[in-house]
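# Reading the structure
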Amino acid sequence: MDNQTIAQRLLDYADQLEGRDSNVYRIRAYRRAAQTVLELDRPVAELIAEQGRGGLEALPGIGSHLSYTIEGLVKTGEFRTVNMDDGHIDPEQILTTLPGVGPGLARQIHEELGITRLEELEQAAHDGRLAKLGVGPKRLRGLIDALAGRLARNRFAAPVVGEPDVATLLAVDQEYRDLAERKTLPTVSPRRFNPQNEPWLPVFQVSRDGWYFRAAFSNTA
């Protein structure tokens, strides 16, 4: 299982926890672990093979509980948590975390459209598939708004204390645009509005004036 898939599974589980109104710090922990995995410069499977779970726990934001989950994904493909009662990711349960989506509609969306993630549901809301399924205009508008609010959040970043100055922001922005135009930056597959899961979005990471920046173009409807 590659790093991007591992990170996706961690984010999916964080979505499910958020829908249950679980502890916010637990939700952030899974999203922070997903970021760590995405930014790793080597396959997680390789790290585990060489160093075991201790190698995972040496990474930022990954403790013993999360190392157990990630090791399970690598070795068995199964999502397991230390508390085995809540490790299963149920796509229909994730869908019902949205207003206006009850168990019946969630089952219909999952079975007829094959949708398992919120990003896929957002795509279906915009391309007409939900409307064809019988979702009316008012409910559809509410779903689009709810999905935009849920998915537009930065799932990774911790709250910013203070602000960098505008000149630094503009310098980072310009450098990112220049490097992206020259196609010298690594690319990732955006989660939203990217049904083919193509790695087209350039990402720029840099430290400057005591700040750490991660820049990427907006990916919206």
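Our structure's up above, just so we're on the same page.
Residues numbered from 1 in each chain as written. Predicted model: local features only at pLDDT ≥ 70, side-chain atom pairs only at ≥ 80, totals over all residues. Heavy atoms only, no water.

## Here's the deal with the packing of helix α1 (residues 3-19) against helix α2 (residues 24-39)
How we decide: Helix axes use the C-alpha atoms of the stretch in contact, all axes being lines fitted to C-alpha atoms, and the angles between their N-to-C directions lie in the range 0 to 180 degrees. Secondary structure elements follow DSSP: runs of H or I of four or more residues count as helices, runs of E of two or more count as strands, with numbering from the N terminus. Throughout, the term roughly parallel applies to angles under 35 degrees, roughly antiparallel to angles over 145, roughly perpendicular to angles from 65 to 115, and oblique to all others. Throughout, a crossing is termed right-handed when the near helix is turned clockwise from the far one, and left-handed when it is turned anticlockwise from it by less than a right angle. The criterion used for residue contact is that any of the two residues' heavy atoms lie within 4.5 Å. Residue polarity is assigned by list, with Asp, Glu, Lys and Arg as charged and Ala, Val, Leu, Ile, Met, Phe, Trp, Tyr, Cys and Pro as nonpolar; anything else, Gly included, falls into the polar class.
At a closest axis distance of 8 Å, the pairing of α1 and α2 adopts a crossing angle of 170 degrees. Relative to α2, the element α1 lies roughly antiparallel. The two elements α1 and α2 cross, and the hand of that crossing is left-handed. The segment α1 lies against α2, with N3, Q4, I6, A7, L10, L11, Y13, A14, D15, L17 and E18 engaging R26, I27, Y30, R31, A33, A34, V37 and L38. When the residues that make up the contact of α1 with α2 are grouped by side-chain class, the tally is 13 nonpolar, two polar and four charged.

## Describing the sheet that holds strand β1 (residues 187-188)
Here is the rule: Two strands pair if DSSP finds at least two bridges between them.
On the basis of which strands lie adjacent, the open sheet formed by three strands has the order β1-β2-β3 and antiparallel pairing. Two strands bound the open sheet, and with one partner strand each, they are β1 and β3 (211-216). As judged from the two bridges shared by β1 and strand β2 (residues 201-208), these two strands associate in the antiparallel manner. When the bridges of β2 are listed, T187 appears paired with P202. Each of β2 and β3 is contacted by helix α10 (residues 166-181), which is oriented at about 140 degrees to β2, the strand it contacts most.

## A look at the pairing of β3
Bridge analysis of β2 against β3 gives six bridges, and the strand direction is antiparallel. Across the sheet, residue R208 finds its bridge partner in β3, namely W211. From the end of β2 to the start of β3, which pair antiparallel, there are two residues, and D209 there has a positive phi angle of about 55 degrees.

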